[in-house]
Amino acid sequence: MNLSTVKYFAGFLRKYTWQECFLVLLMFLASIGTLVSPYVLKLIIDDVFPSRDFGLLIEILAIYLAISVVRLIISYASDYMFEYVSNHIMKDIRVSLFSHLIRLPLSFFDNSKTGDIIHRVNSEVNSIQSILTGSIVRIINSLCTIIGLVVMLCVLNYKLFLISLCVFPIIYVNTRYFQPRIQDTVKQSRTKDSDILSYLMERFSNIKLLKSYMHYGWEESRLSIYIDEQIGINMRNVKLTSLASNVSMFLTALVPILLLFFGGKNVMAGIMTVGSLVAFIQYTNRLFAPMRDLMGLYFDVIRASVSMERIAEVISLQQERTGGSVSIGAQSEQAAIEFRNVCFQYDSSPVLTNINLKINPNTKYALVGTSGCGKSTLINLLCRFYEPQQGGIYFRDTNIRDIDMTSWRNRIVLVNQDNHLFHGTILENIRYGMESASFNQIEEATRQSVIKDHIESMPGRFDSVIGDHGVTLSGGQKQRIAIARSILKQAQIVLLDETTSAIDSETEKIILHNLFRIHRDRTILIVSHRLSAIKNVDQIICMDKGMIVEVGTHEELIGRKGYYWKLYKEQV
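All values reported here derive from a predicted model rather than from experimental measurement. (Residues numbered from 1 in each chain as written. Predicted model: local features only at pLDDT ≥ 70, side-chain atom pairs only at ≥ 80, totals over all residues. Heavy atoms only, no water.)

Caption draft 1: The arrangement of the pattern of salt bridges in detail. Inspection of the entire model under this criterion finds 11 salt bridges. Residue R340 pairs with D397 through a salt bridge whose shortest N-O separation is 2.8 Å. Taken together, the positions of R340 in strand β1 (residues 337-346) and D397 in the loop between β4 (390-395) and β5 (398-399) put the pair 57 residues apart, joining distant regions of the chain. Taking the relative accessible area as the measure of exposure, D397 reaches 60% and is therefore exposed. For the salt bridge of R461 with E456, the shortest nitrogen-to-oxygen distance reads 2.5 Å. We classify R461 as partly exposed; its relative accessible area is 34%. A relative accessible area of 27% means that E456 is categorised as partly exposed. (Salt bridge = Lys/Arg side-chain N within 4 Å of Asp/Glu carboxyl O. Helix = DSSP H or I, 4+ residues; strand = E, 2+ residues; numbered from the N terminus. Buried < 20%, exposed > 50% of the residue type's maximum accessible area, 1.4 Å probe, protein only.)

Caption draft 2: A look at the nonpolar core. Counting 43 residues, the largest nonpolar core has I426, I430, L496, I526, I534, I540 and Y564 as its most contacted members. Those residues in contact with I540 that lie beyond four places of it in its chain are A366, V368, I534, E550, V551, G552, T553, H554, L557 and Y564. Core analysis: the second largest hydrophobic core is formed by 32 residues, C373, Y386, I393 and I400 among them. (Core = buried A, V, L, I, M, F, W, Y, C linked by side-chain atoms within 4.5 Å. Contact = heavy atoms within 4.5 Å.)

Caption draft 3: Spotlight on the environment of D293. With respect to the element layout, D293 can be found in helix α10 (residues 274-315). As a C-alpha pair, D293 and N141 span 152 residues in sequence and 10.0 Å in three-dimensional space. Here D293 is in contact with R138 and S142, once residues within four sequence places are set aside.

Caption draft 4: Structural view of the environment of Y432. Of note, Y432 is situated in the loop between α13 (426-431) and α14 (439-448). Judged by relative accessible area, which is 48%, Y432 ranks as partly exposed. In this structure the C-alpha to C-alpha distance between Y432 and S486, which are 54 residues apart in sequence, comes to 9.8 Å. When neighbours within four sequence positions are excluded, Y432 is seen to be in contact with F422 and R485.

Caption draft 5: Structural detail: a nonpolar patch on the surface. A grouping of F22, L25, F28, L29 and I32 is seen on the molecular surface, where their side chains present a nonpolar patch of about 410 Å² in accessible area. Here I32 lies in helix α2 (residues 17-33). On the accessibility criterion, I32 (36% relative accessible area) is partly exposed. (Patch = residues over 30% accessible without salt bridge, like charges linked within 9 Å, V, L, I, M, F, W, Y side chains within 5 Å. Areas by Shrake-Rupley, 256 points an atom, 1.4 Å probe, with all protein chains shown as cover.)

Caption draft 6: Geometry of the sheet that holds β5. Reading across from one edge, β2-β1-β4-β5 is the order of the 4 strands in this open sheet, with antiparallel pairing throughout. Two strands close off the open sheet at either side, each with one partner strand: β2 (349-359) and β5. In this structure, β1 lies alongside β2, joined through 7 bridges in antiparallel fashion. Bridge pairing in β2 links Y346 to S349. This element, helix α11 (residues 375-382), spans β1, β2 and β4 of the sheet and lies at about 115 degrees to β1. (Pairing = 2+ DSSP bridges. Axes fitted to C-alpha atoms, helices over the stretch in contact; angles between N-to-C directions.)

Caption draft 7: Spatial organisation of helix α1 (residues 3-14). Helix length check: α1, at 12 residues, gives a terminal C-alpha distance of 17 Å against a target of 16 Å (1.5 Å per residue), a fit within 8%. Along α1, the residues classified as buried are T5, F9, F12 and L13. Across the axial projection of α1, the buried residues extend over an arc of 110 degrees, all falling on one side. Projecting away from the buried face of α1 at angles above 90 degrees are the exposed residues L3, S4, K7 and R14. (Expected span 1.5 Å × (residues − 1). Arc of directions from axis to C-beta.)

Caption draft 8: Structural detail: the packing of aromatic side chains. Here the structure, examined in full by the defined rule, presents 6 aromatic pairs. Site record: aromatic cluster; members linked through ring pairs are F344, Y346 and Y386. Geometry around Y177 places R181 over its ring, the cationic atom sitting 4.1 Å from the centre. Over the ring of Y394 we find R340, and its NZ or CZ is 4.1 Å from the ring centre. (Phe/Tyr/Trp six-rings, centres within 6.5 Å; stacked < 30°, edge-to-face > 60°. Lys NZ or Arg CZ within 6 Å of the ring centre and 35° of its normal.)

Caption draft 9: Representation of the sheet that holds strand β8 (residues 523-527) in the model. If you walk across this open sheet you meet the 6 strands as β6-β7-β8-β3-β9-β10, and the pairing is mixed. The sheet is open, and its two borders are formed by β6 (412-416) and β10 (547-552), each paired with just one other strand. The sheet shows a mean angle of 15 degrees between the axes of neighbouring strands, direction not considered. Relative to β8, strand β7 (residues 493-497) is paired through 5 bridges, and the arrangement is parallel. Pairing of L496 across the sheet is with I526, part of β8. Running over the sheet, α11 touches β3 (364-368), β6, β7, β8 and β9 (539-544) and is turned about 145 degrees from β8.

Caption draft 10: Region of interest: helix α19 (residues 563-571). Taken as a whole, α19 has its buried residues at Y563, Y564, L567 and Y568. Looking straight down α19, one finds that the buried residues subtend no more than 130 degrees of arc, so they occupy a single side. More than 90 degrees from the buried face of α19, the exposed residues found are K566, K569 and E570. The elements touched by buried residues of α19 are β3, β9, β10 and α18 (554-560).

Caption draft 11: Spatial organisation of the packing of α14 against helix α16 (residues 475-489). At a minimum axis separation of 8 Å, α14 and α16 run at an interaxial angle of 130 degrees. In this view, α14 runs oblique relative to α16, as classed from their interaxial angle. Considering the relative orientation of α14 and α16, their crossing is right-handed. On α16, the residues touching Q441, I442, A445, T446 and Q448 of α14 are A484, I487 and L488. Residue composition of the contact of α14 with α16, by class: 5 nonpolar, 3 polar and no charged. (Parallel < 35°, antiparallel > 145°, perpendicular 65-115°, else oblique. Left-handed = near helix turned anticlockwise from the far one by under 90°. Nonpolar A, V, L, I, M, F, W, Y, C, P; charged D, E, K, R; others polar.)

What follows is the structure, given as structure tokens:
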């Protein structure tokens, strides 16, 4: 784990510096309380019992009881403060990571498993939370306790304390030996966890496909194999961690034997009192608990370092370019959009080749062509989801790369066949991105998208919950809700990518008529395989194999008897 990663995560602690310091102070005071009881036992054995002073016994026990009550209050306060700081740091990390992720280029999500992304936001952050709050505070608390115990041991008999230290170099060597091996198994375990999560998400999101093929047994066997692999990794981790911990515990168990041998010899020689030896052994036994904590925390740090590295991999990725020297208003004057020698490819597969196209303002366009010819890719470039490898897209002779991303996307509304509905109410989905819209505006948008009557017939009307991805709605209903959302935005450039593919032709005609009327002073670009629906647009752009092969009105293209005429003849 490099220094920049440590600095990044340490930055989340700075916001809570005072709370952390107060928490450390509370734990320090609580650790002082743990030093009292062995010394009280020494006083009773060496002073009270020989003098038979019952009044002194009552006095000592009363002081000890008062200290115990104070320690109880301090422990309660430290527990509350710990949870407060811990939960707020977890929130800050998770929100920061989410904020970074949603600003990454779309290509990152194309090449990443959704389950792996969620695993990093959820499980990995939980692991880091424990090290940034609990582990650090517990390390400080353990160190304070150890320092206090060492001071008391030296006060009682420093020579005996030096004898007890002889096993600790061996413990250190043991820990260093196991550390890289444990870290490697933790990395493998985290990767397998995210693989299983991705597998489950894919299966549940495609549950209809799974059921239609009755593929239950095969999927169960595959999940079983994944989990068996995970169990194997976890068992290796347990073997290493347990062996490292138990070897260290065996070595620490040798200390009392040494103390009883040399301390007993001192008592018999009159060099040391029985009370001092009992107190010394008590303090030594209490020394083992914080040392065991430190040992366990060390392995926690190893696990957390793996999580930090996995999150740092994402944080180090460059966000999509959002800034720009030019800003345009969402409702500013219309202008032409030009594709100039645009080329684009996914990985090594060319999709668009030398695209030259001018999209005039206040004009209705249709993009047609066979599947895979590049229609949706052209739309994605226009939305700046991707950047062309060659050429550029210009607005008012300004490359849209130089236009502020927010102002550019505020000018555009995209509705595609995926619809993009969230689990929630119909109202929340229509109002998404336009939370300030009035209910009258929302009703009008649903009327224009021919979905208002259906919404009114539902028990909850606009407050009806539609489930994940709008699962309770039909394909056509989902598309019409997405269209209503686009109408509400009132953008200058309207992009409809197979928006009405799940709607019957009559309803489609009504919706397109309404859209053309509402957006009569807007630029509309429709991608459609249903050629009968786009006959009335101003210009039809025909694409084939990533190139523009024809442009013209419906009548002009039919008269040429070229590429469009063949498509139309086959379909109509």
